[in-house]
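Examination of the molecular architecture
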Amino acid sequence: MVKLGELERLGTDGMDYLVLGVEVRGFEDLSAQQRVLAYYLYRAAVSGHAVFTQQSHRHALEIQTLMETLYLHREHLAPEQAEAVHDYLKYLWVNHGQYDHNSHAKVLPRLLTQEMLSDAAGRASLAGADLDPAPGEEVAGKLRRLQPHIFDASVEPLQVNQKPGDDIVETSAVNLYAPGLTQEMLDGLGAKWASRVNVRFDLEDGKAVPRLYRIGGEYSKDLETVAFFLSKAADVAEDGEQEAGLRALVEFYRSGDEEKFREYCVHWLRSNTTIDYLNGFIESYKDPRGVIGQFEANVSFVADSSLIDALADEVLYFESRMLWPKKYRRTKINKPVANVVRVIVETGDAGPQSPAAYNLPNYNDLRRDFGSKNIVLENIEGARSQGLEDAARNEFFLPHLREVHRKHGDTARRWIVYMHEVIGHGSGQPEPDLGEDPGVLVGRAYSALEECRADLVALYFMGDPKLVEIGAFTAQDQPEIVLASLVRYLQGMMMSYRSVEKPQVREAHRRGRQLVLQYLVNGGEDGNEDYGVQVVQRDGDYYVDVTDTVRARQGVGKLLERLQIIKSTGNATAAADLFERLGTHLDPDIHRNIRERAARLKIPRHTAFVFPRLIPEIRDGEVVDARLLSDEDLTEQHLRFSRLRQNTAIN
Ligand SMILES: [Zn+2]
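Quick summary incoming for the structure in this document. (Residues numbered from 1 in each chain as written. Predicted model: local features only at pLDDT ≥ 70, side-chain atom pairs only at ≥ 80, totals over all residues. Heavy atoms only, no water.)

What about the overall build of the protein chain?
So the rule is basically this: The helix count covers DSSP runs of H or I at least four residues long, the strand count covers runs of E at least two residues long, and both are numbered beginning at the N terminus. Here the globule rule is a power law, 2.2 Å times the number of residues to the power 0.38, and the radius of gyration is based on C-alpha atoms. Exposure categories follow from relative accessible area, calculated using a 1.4 Å probe and restricted to protein chains: below 20% of the type maximum is buried, above 50% is exposed, and the middle band is partly exposed. Contact between two residues is taken to exist if any of their heavy atoms lie within 4.5 Å; hydrogens are not considered. A 1.4 Å probe and the Shrake-Rupley method give the accessible areas. Residues count as covered only by the protein chains that appear here. We score Asp and Glu as negative and Lys and Arg as positive, and we do not count His or the chain ends. Note on charges: their place is set at NZ of Lys, CZ of Arg, CG of Asp or CD of Glu.
Scanning the protein chain for helices and strands turns up 26 helices and 14 strands. Taking 26 Å as the expected radius of gyration for a compact globule of 651 residues, we find that the protein chain reaches 24 Å, a close match to that expectation. Principal-axis analysis of the C-alpha atoms places the extent of the protein chain at approximately 70 × 60 × 55 Å. Within the protein chain, the proportion of its 651 residues that are buried is 60%. Sequence-distant contacts in the protein chain: of pairs separated by 6 or more residues, those separated by 24 or more amount to 73%. Put simply, the protein chain shows about 25000 Å² of open surface, and 47% of that area lies on carbon and sulfur atoms. When the 77 positive and 99 negative side-chain charges of the protein chain are each reduced to one mean point, those points stand 1 Å apart.

Describing the pattern of salt bridges
Stated formally: Should a side-chain nitrogen of Lys or Arg be within 4 Å of a carboxyl oxygen of Asp or Glu, the pair is scored as a salt bridge.
Tallied over the entire structure, the rule returns 52 salt bridges. Glu-395 serves as the salt-bridge partner of Arg-600, at 3.3 Å between the closest nitrogen and oxygen. Of this pair, Arg-600 sits in helix H25 (residues 588-601) while Glu-395 sits in helix H16 (residues 386-396), placing them 205 residues apart in sequence. Here Glu-480 makes a salt bridge to Lys-407, at a shortest N to O gap of 3.3 Å. Residue Glu-480 is found in helix H21 (residues 478-495), and its partner Lys-407 is found in helix H17 (residues 399-424); the two are separated by 73 residues along the sequence. Taking relative accessible area as the criterion, Glu-480 reaches 33% and is therefore assigned partly exposed. Classification of Lys-407 by relative accessible area gives partly exposed; the value is 46%. One salt-bridge network, held together by shared partners, links Arg-200, Asp-202, Glu-204, Arg-211 and Glu-218.

Brief notes about the packing of helix H5 (residues 114-126) against helix H6 (residues 139-151)
Pairs of packed helices are described in terms of their axes, by the angle between the two and the distance that separates them. Applied cut-off: Each axis is a line fitted through C-alpha atoms, and for a helix only the stretch in contact is used; angles between axes span 0 to 180 degrees, taken between their N-to-C directions. Crossing handedness follows the turn of the near helix against the far one: under a right angle anticlockwise gives a left-handed crossing, and clockwise gives a right-handed one. Residue polarity is assigned by list, with Asp, Glu, Lys and Arg as charged and Ala, Val, Leu, Ile, Met, Phe, Trp, Tyr, Cys and Pro as nonpolar; anything else, Gly included, falls into the polar class.
The contact between H5 and H6 brings their axes to 11 Å, and the two run at 145 degrees. At the point where H5 passes H6, the crossing takes the right-handed sense. Contacts from Gln-114, Leu-117, Ser-118, Ala-121 and Ser-125 of H5 reach H6 at Val-139, Leu-143, Gln-147, Ile-150 and Phe-151. Per-class residue counts for the contact of H5 with H6 are 6 nonpolar, 4 polar and no charged.

A short note on empty space enclosed by the protein
Definition in use: Only protein atoms enter the 1 Å grid used here, on which a cavity is any set of points holding a 1.4 Å probe that cannot leave and a pocket is any open set flanked by protein within 12 Å on both sides along at least five of seven lines; residues with an atom within 4 Å of a point are listed as lining. Grid points are joined across faces, edges and corners, and a volume is the space filled by probe spheres set on the points.
As enumerated under the stated definition, the model contains 3 cavities of 30 Å³ or more in all. Each pocket or cavity is described by its volume, and for the largest cavity that value is around 120 Å³. Among the secondary structure elements, those contributing two or more residues to the lining of the largest cavity are helix H19 (446-461) and helix H22 (508-522). Among the elements that line the lining of the largest cavity, the one with the most residues is H19, at 3 residues. The residue inventory of the lining of the largest cavity, partitioned by class, reads 5 nonpolar, 6 polar and 6 charged.

Observations concerning the nonpolar core
The cut-off we apply is this: In plain words, nonpolar cores are sets of buried Ala, Val, Leu, Ile, Met, Phe, Trp, Tyr and Cys residues tied together by side-chain atoms within 4.5 Å.
Of all hydrophobic cores here, the largest spans 173 residues; its most connected members are Tyr-253, Leu-311, Trp-415 and Leu-467. Top element by residues in this core is H21. It accounts for 11 residues. Not counting the four nearest positions on each side in its chain, Leu-311 is found in contact with Phe-318, Trp-415, Tyr-418, Met-419, Val-422, Ile-423, Leu-467 and Ile-470. Judged by nonpolar contacts, the second largest core, of 26 residues, contains Ile-63, Ala-82, Leu-112 and Leu-146.

What about the sheet that holds strand E5 (residues 275-283)?
The line we're drawing: DSSP-based pairing: two strands are paired if at least 2 bridges between them are found.
With mixed pairing, the 5 strands of this open sheet are ordered in space as E5-E6-E7-E9-E8. In this open sheet, the two strands that pair with only one neighbour each are E5 and strand E8 (357-360). For this sheet, the mean angle separating the axes of adjacent strands, direction not counted, is 35 degrees.

Side note on the coordination of the zinc ion
Using the following cut-off: With water excluded from the atoms, a metal site may look incomplete; its donors are any N, O or S atoms within 2.8 Å, or within 3.2 Å for Na, K and Ca.
Around the zinc ion, the protein contributes the donor atoms His-420 (NE2), His-425 (NE2) and Glu-451 (OE), which lie 2.1 to 2.2 Å from the metal centre. Here the donor residues of the zinc ion are spaced in sequence according to H-x4-H-x25-E. Here His-425, found in the loop between H17 and helix H18 (438-442), pairs with Glu-451, found in helix H19; they are 26 residues apart in sequence, far enough to count as distant. Of the two residues examined, His-425 and Glu-451, each falls in the buried class.

As C-alpha cells, this is what we get:
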C-alpha cells in the first residue's frame, strides 16, 4: 500500500503532530549508478540516526530502546499498556528523545504511567523480552533509574537553556555536557576547545574532559557504520569532487580531525552532481553555546533549479543594495550554488522534523573563501494538508487579507525561502580586524540573530524589480506578493504561538520571527516609529494587519541594518538584550487566544515526515540498482531504522 500525504495525527485531538508521507517523484528517471549511490548514502544517513538521539539526552536512546522492546512484545501487555507505550514511543521517535525538538522542553508521556510501565516491563520480561539492564542492575532498578527522566517534569526540565544570567552549560540537559559540568570548567580548557564541533565534554575529578566523536571514541560503532556506507558511496560517486568529499568525511569519522570535515565541506561546495547529500555534525541549535554540531544526514537529487539559479546570479546586485555600512558589504562574492532538490530521506537533527531549506557550510571563513551552497527541499517545502491550510487561513487571517494570501501565499513563501538561503545567510562581512568568528563572539543569541537576518533580507528585497526581471513573478503581481509575504510571515509567526506551551519562544528561527513581528508592531526598539503593522482585535480574536507595505519595508531595513552591525562587530550584549526584549516573550493574552483557536480547529502544532525506503537490487553480492517504495508508516519506519543501527548488511 502506498503511504503518502497525511498518515496520522498525534496527541490529544491529533493536535501535536501531523505525520506526512513525503512524495519523491522522479527517482526512476535517475541512472542506475545514481540510484546505487543514493542507496549507499541513504544507508549512511540511517546509520547515524541514533547518534543524534544519543546527543539529545544521555538516556534518550536507552529509553527509546526500552519502549521499542516493550512495543515489540505488545501482545503480552494489557491493551491500554501497549497503546500507552506506542503513543509515547512515537513522541520519542519524532523528537529523538524526551524533549520537544522545537521548544527544548521536556515532554511527559501522554498515556503511560509509572505503574503501567513497571507492570508492562514485568509482563514483557516474563515473555522473554530482554530489557537490557545495565551490568549489576535489575530491570526494576533500571526503571527506577530512568523514571525521573521519563515521568518527572521537574528533573532536568530544559534540554537547552539560554536564559541570560544562568550557567547555560550546567542547566541544559542536552548530552553535549556531562551532568555537573559548568561553563567555568569548560572555559578552563582554553580557546582550542571553545569552537570544536565534534566533541562531548565529560566530567572527571572536577575537570572537563573532551571526548571526540570518532571511530574509537564517542559513538564509535555508529560512526563506523556511517563510514562503511560512505566508503561504498565514494566508489560510485558522480564526480571527483564528490568522491574526494566522501573520502575526507570517512577520514573525519576515523580521526575526529575537524580539519577533515572542513576539507569535506570544500569538496562538497565544488562538486556539481545530481545526487547530493549531507552527513556530519552540522547545526548547533541543541548546544546552548551554539557551537557543537548535532548529527544529521540526508540524500537528495536535483529538481528544476532554474529560478533559484537566476537569483544566485544576482547575489552581488543585492549585496550592493544592503542598507548597512559599506565596510560590512562584500564586494566580491562567488556565485552561490543554489539547488532545488527532492529529498529521499532525512535523519538525525534533520528528520522526522525537517527544515525546508538550508545554507551550508556554517564555517564563516569557508563561506568567505569558497562560497556556500543553498538547498531548498522542494518536496518538504511543498508538503501539506490542503484542508488544514484553508481552515487555518479562514481562522487566523483578517478577511481582507485572505484572498491575497490564498492567491500569492505559496509564491511568497517560496521566495522568502529562496532569498533567505541564497542572498540572506551569505550576505555581509565582519569588521576587518575582528579577529574571531562573529558566531563565537555573539554566542548564545547568534543562531537566532542569523536566522532573523536572513529572513529580513528576504522580506526587504521582495519588492525589488530584479525579481521581476529574473522571472520570479510579474510586475503586476509584485505589490500583492510583497503584501502576501509580510502577512504570511507575520501572521504565520503569530499562528505558530499555538505550538509553544508557555508565552515565550526559544527556538532560533522563531525567536527571529518574533523579533521582526514585535519590532514592526512596536514601531522600532524605542517605539518612536510607525511601520504600518498592527496587532488588532476583532470579536476578541487577535490578528496581524499590514496597512502600509512601504513603511513596513523601512522597518525591516532598519532592523536588518542593526542586526548586521551587531554581527559584524560581534556584539554579544547587544544581541542578547535585543532578543530578550523583543524576540523571546509573547503577549500572554495573544498566546492564549491563538492556542484556543488552534484547539478549536484542531490544527497540529508540528509536522513530522515519513520517508520512502530504498530497496537494493543485488547481483553477485553487489548492489547494481535500487528502487523506491513509499509503504511505511511512522512506526514501521522507525523500527526499521533501529534494526539498521550498527548494521552493515545490504538489504
Ligand atoms: Zn536559515
